[in-house]
Amino acid sequence: MARMTMIEAIRSAMDVCMERDERVVVYGEDVGYFGGVFRCTQGLQKKYGKHRCFDSPINESGIVGTAIGMAVYGLRPCVEIQFADYMYPAYDQLTQEAARIRYRSNNDFTVPMTVRMPTGGGIFGGQTHSQSPEALFAHVCGLKTVIPSNPYDAKGLLIAAIEDDDPVIFLEPKRLYNGPFDGHYDQPVTPWKKHPLGEVPDGHYVEPLGKAAIRREGEDVTVLAYGTMVHVAEAAAKETGVDAEIIDLRTIVPLDFEAIEASVRKTGRCVIVHEATRTCGFGAELMAVVQEGCFYHLEAPVIRVTGWDTPYPHAHEWTYFPGPARVGAALKKVMEG
Amino acid sequence: MPDDASSKKAAQKSNLSATKDELLKYYRDMLLIRRFEERAGQLYGMGHIGGFCHLYIGQEAVVVGVEAVKQPGDQTITGYRDHGHMLACGMDPKGVMAELTGREGGYSKGKGGSMHMFSKEKEFYGGHGIVGAQVPLGAGLAFANHYREDGRVSLTYFGDGAANQGQVFEAMNMAQLWKLPVVFIIENNQYAMGTSVKRSHSDTHLYRRGAAFGIPGMEVDGMDVLAVRETAREAIAHAREGKGPYILEMKTYRYRGHSMSDPAKYRTREEVDNVREHNDPIKRCEQRIFDAGYADEAALKDIDREIREIVKEAADFALESPEPAPEELYTDVLT
């Protein structure tokens, strides 16, 4: 066991996979020599050589396209898109090629590729360095989409992603890289080394894709969240005194329907939280899932707390960001219903 | 633009020759593609094939010439005008035709259709419906070959239209940067759907597309199977020796429309007839056979008869094979 930040845990996952399996290669913009803009790949080139961890040109479509070609011919590439906001040139490759090759090759070929991308805001990145595009991936059948909320999960889920035979989008909430940010932007963030989920085994372990985790057990209301919003929801529950059951979805495709339905049937109330914009955000899908599976158990309308339907603003970032005050207000409101 | 030192037009080779067995094989392989495509066109007209169907008629010498010098294990990947590539790779005409008719016996159980088929056994990596999207994949295959040190070469085909796509240039840069064993084969049939090369390419010499990256390129008479074979031999050897990618611009021509719904009003009938009459790849091969005294007309007619039988069997199979069960729609999406 070691104390790790999320960056170190992600690096450790790639390290373990590269050590165990020669088919794993790691590349992307600034990934080799520089060690990644957020340092997630630091030291890997030195340890495994330039042929296994290397810099690519700045061309996202080319990065993902070549990774798909490698994956169909036996490698397990784990590539980095420097910010999730940069993935759009590669969206064609992800949706039309990676997601479909198993289907259209009659299962002859699969694409065991992992695409890592830092996601979300809270770092004053403005509209091209703060986006949360998870719904755009979840909408594409043939992709799996993972969003960890802590170092322990990040490592176990990333190993699972790299070992998975399907293409996996691995979204890393960048505001969580160094600590469990709970939306209190005016207070110092506790470092991961003081958080129980910053305890990470050194070696190989796997957290299965498609399993949610209950972060806080509660009786009154179910909160469905992932990534940074898990910590915001924990703060909101604590500050309002509402006995919330907080479910960290961890992967949104595949989705853990069982965990969601069991919890909402128990509490009868549900608040959904994400940082992405509201219209057609993944919260809309979650509302549909809850309505379809738990309608007769609901005692109040389901509430969404999300980013606004605007570009991610540079000014007023904390008005846009669904922080603990907004989540707390939703918890209180759903209890009135 | 002057010719870059790294690019050249292929010298007219007057000494192209082949053995009897070779020439007859190329003739047979080209004819199989032509007869298959003619039949596919008929089945389309009769309503047995729906949707999109891009015929390879006129371009047969390109894929057959390259196939002649490919080594076992070398991969083939192409765009949506893919039936010829699949047949040349040795895929079963029955499975290809049944995919066109959307039947269970098709290579993708009918779920892929004309543009979307694969074969692990024949090292055929699709069949891609998005213009140019297969090119980075082809570079990725080459990366895996390089990484695995297995001596294989990726044969990455695309058209003159795809040659303008940004991701093609991304792939070229990466392939040259990492010295990947890939041959980029541009099948320049002179029309990107209805837009001629002149109307869409700032430089119409597509063999120079890699000049910015220092990738050598050659212009090839893509209607002559032997010219294709000899230049492909050179390009593939270059890639296999670790010298990096190579570009072959195959000057070719498609006789039919871009797809079945294209009346081809962007060119004259005379233009098409002129190519059919004077530059047809199968007729040119036939002439070589006669000139060398390898076979007479009767012998070639026998070959045609055999091929028509193979194509008939494929068409019968494609019509008799049942549609896939509805539950098949949900298989092979994810594990």
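Residues numbered from 1 in each chain as written. Chains lettered and ligands numbered in written order. Predicted model: local features only at pLDDT ≥ 70, side-chain atom pairs only at ≥ 80, totals over all residues. Heavy atoms only, no water.

(A) Examining the overall build of chain B more closely. Tallying secondary structure elements over chain B gives eleven helices and eight strands in all. Its C-alpha atoms give chain B a radius of gyration of 19 Å, within 12% of the compact-globule value 20 Å for 335 residues. The dimensions of chain B, computed from C-alpha atoms along their principal axes, are 55 × 55 × 40 Å. Residues counted as buried form 56% of the 335 residues belonging to chain B. Put simply, 76% of the contacts in chain B that link residues at least 6 apart link residues at least 24 apart. In the form shown here, chain B has an accessible surface area of approximately 13,600 Å², with 49% of it arising from carbon and sulfur atoms. In chain B, the 42 positive side-chain charges and the 50 negative ones have mean positions that sit 2 Å from each other. (Helix = DSSP H or I, 4+ residues; strand = E, 2+ residues; numbered from the N terminus. Rg over C-alpha atoms; globule rule 2.2 N^0.38 Å. Buried < 20%, exposed > 50% of the residue type's maximum accessible area, 1.4 Å probe, protein only. Contact = heavy atoms within 4.5 Å. Areas by Shrake-Rupley, 256 points an atom, 1.4 Å probe, with all protein chains shown as cover. Lys, Arg positive; Asp, Glu negative; His and termini not counted. Charge placed at Lys NZ, Arg CZ, Asp CG, Glu CD.)

(B) Broad picture of the side chain of A:Q93. With respect to the helices and strands, the residue A:Q93 is situated in helix α4 (residues 88–98). Other than its neighbours up to four places away in sequence, A:Q93 contacts A:S61, A:V64, A:G65, A:I68, A:A98, B:A133, B:P136, B:L137 and B:Q167.

(C) Representation of the packing of helix α1 (residues 20–45) of chain B against helix α2 (residues 60–67) of chain B in the model. Residues and elements named next belong to chain B. Running from N to C, α1 and α2 cross one another at 135°; their axes reach a closest spacing of 9 Å. Compared by their axis directions, α1 and α2 come out oblique. Every pair of crossing elements has a handedness; the one defined by α1 and α2 is right-handed. Side by side, α1 and α2 meet where Y26, D29, M30, I33 and R34 of the first sit next to E60, A61, V63 and V64 of the second. Taken together, the residues of the contact of α1 with α2 sort by class into six nonpolar, no polar and three charged. (Axes fitted to C-alpha atoms, helices over the stretch in contact; angles between N-to-C directions. Parallel < 35°, antiparallel > 145°, perpendicular 65-115°, else oblique. Left-handed = near helix turned anticlockwise from the far one by under 90°. Nonpolar A, V, L, I, M, F, W, Y, C, P; charged D, E, K, R; others polar.)

(D) Representation of the sheet that holds strand β11 (residues 244–248) of chain A within the structure. Residue and element names in this part refer to chain A. Reading across from one edge, β9-β11-β10-β13-β14 is the order of the five strands in this open sheet, with mixed pairing throughout. A strand with exactly one partner marks an edge of an open sheet, and here the two such strands are β9 (213–216) and β14 (303–307). Each adjacent strand pair in this sheet contributes to an overall mean axis angle of 25°, direction not counted. Packed on one face of the sheet, helix α8 (residues 228–240) meets β9, β10 (221–225), β11 and β13 (270–277) and runs near 170° to β11. The strands that helix α10 (residues 282–294) touches are β10, β13 and β14; relative to β13, the one it contacts most, it runs at about 160°. (Pairing = 2+ DSSP bridges.)

(E) Quick peek at the side chain of B:E187. Residue and element names in this part refer to chain B. Note on placement: E187 falls in strand β4 (residues 182–188). The side chain of E187 is buried and forms no salt bridge, while R81, the nearest opposite charge, is found at 7.2 Å. Here the side chain of E187 touches Q59 through a polar contact of 3.1 Å, side chain to side chain. With residues near it in sequence (within four places) discarded, E187 still touches Y56, Q59, V62, H85, Y157, F158, G159, D160, M250 and T252. (Salt bridge = Lys/Arg side-chain N within 4 Å of Asp/Glu carboxyl O. Polar contact = N/O pair within 3.5 Å; in protein donor to acceptor, adjacent residues only side chain to side chain.)

(F) Expanded view of the pairing of strand β7 (residues 168–173) of chain A. All names here are of chain A. A large share of β7 lies buried, amounting to six of its six residues. The side-chain alternation of β7 yields two buried faces, one formed by V168, F170 and E172 and the other by I169, L171 and P173. Where strand β5 (residues 114–119) lies against β7, six bridges are found, and the strand directions are parallel. Residue pairing in the sheet places R116 in a bridge with F170 of β7.

(G) Spotlight on the sheet that holds β7(A). Residue and element names in this part refer to chain A. Taken in spatial order, the seven strands line up as β3-β2-β4-β5-β7-β6-β12 in an open sheet, and their pairing is mixed. Unpaired on one side and paired on the other, β3 (53–55) and β12 (251–253) mark the two borders of the sheet. Each strand of the sheet is rotated relative to its neighbour by a mean of 20°, with strand direction disregarded. Where strand β2 (residues 24–28) meets strand β4 (residues 76–80), five bridges bridge the pair, whose relative direction is parallel. Along β4, the bridge assignment pairs V25 with P77. Contacts from helix α7 (residues 151–163) reach β2, β4, β5, β6 (144–146), β7 and β12 within the one sheet, and its direction differs from that of β7 by about 160°.

(H) Seen up close, the confidence of the model for chain B. Residues and elements named next belong to chain B. Of the residues in chain B, 96% reach a pLDDT of 70 or more, and the chain-wide mean stands at 94. Throughout residues 1–6 the model reports pLDDT below 50, and contacts reaching past four residues in sequence, or to other chains, amount to eleven contacts. Prediction confidence for the complex, expressed as pTM and ipTM, is 0.93 and 0.90 respectively. (pLDDT = per-residue confidence, 0-100.)

(I) Molecular detail of the environment of B:L206. Residue and element names in this part refer to chain B. Relative to the elements of secondary structure, L206 occurs in the loop between α7 (197–200) and β7 (217–221). Taking the C-alpha atoms as reference points, L206 and N164, separated by 42 residues in sequence, lie 9.7 Å from one another. With near-sequence residues (within four places) excluded, L206 lies in contact with D160, A163, I186, N188, H201, I247 and E249.

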